[in-house]
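# Survey of secondary and tertiary structure
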Amino acid sequence: PQCDFEAQGFVFTEYDDIAPPQDPRERLKWVSFQQPVYDGRGATVVTEIMHGPLAGIGYECRVLSGFAGWTVGECKTSWVS
């Protein structure tokens, strides 16, 4: 995304390993935001975070465009590990 997230008060913290762990399953750490899917009511955004092996969650969020900008209407859990 090419949005200025920091200007909107949404700041990312680096999420990476200092040194590669011995167990390759420990490398399963990531955060993702898929491209929004727009429709006449707003958009749907899928976001996911994986903290490690068998430790993650995904959400499907409905965002609405209005006078004050974009707001989150609702979020549903799409998967849990």
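Basis of the calculations
- Residues numbered from 1 in each chain as written.
- Predicted model: local features only at pLDDT ≥ 70, side-chain atom pairs only at ≥ 80, totals over all residues.
- Heavy atoms only, no water.
- Disulfide = S-S within 2.5 Å.
- Helix = DSSP H or I, 4+ residues; strand = E, 2+ residues; numbered from the N terminus.
- Buried < 20%, exposed > 50% of the residue type's maximum accessible area, 1.4 Å probe, protein only.
- Salt bridge = Lys/Arg side-chain N within 4 Å of Asp/Glu carboxyl O.

### Description of the state of the cysteines
Under the counting rule described, the total for this entry stands at 1 disulfide. Across the disulfide, Cys61 is cross-linked to Cys75 (sulfur-sulfur distance 2.1 Å). Here the disulfide of Cys61 and Cys75 is right-handed, its torsion about the S-S bond being about 110°. Here Cys61 is found in strand β4 (residues 55-66), whereas its partner Cys75 is found in strand β5 (residues 69-80), with 14 residues between them in sequence. Judged by relative accessible area, Cys61 falls into the buried class, the value being 12%. With a relative accessible area of 42%, Cys75 lands in the partly exposed category.

### Here's the deal with the pattern of salt bridges
By the definition in use, this model includes 1 salt bridge. A salt bridge links Asp39 to Arg62; the shortest N-O distance between them is 2.7 Å. With a gap of 23 residues between them, Asp39 in strand β2 (residues 37-39) and Arg62 in strand β4 connect regions that are remote in the sequence. The exposure class assigned to Asp39 is partly exposed, which follows from its relative accessible area of 40%.

Structural measurements only, silent on function.
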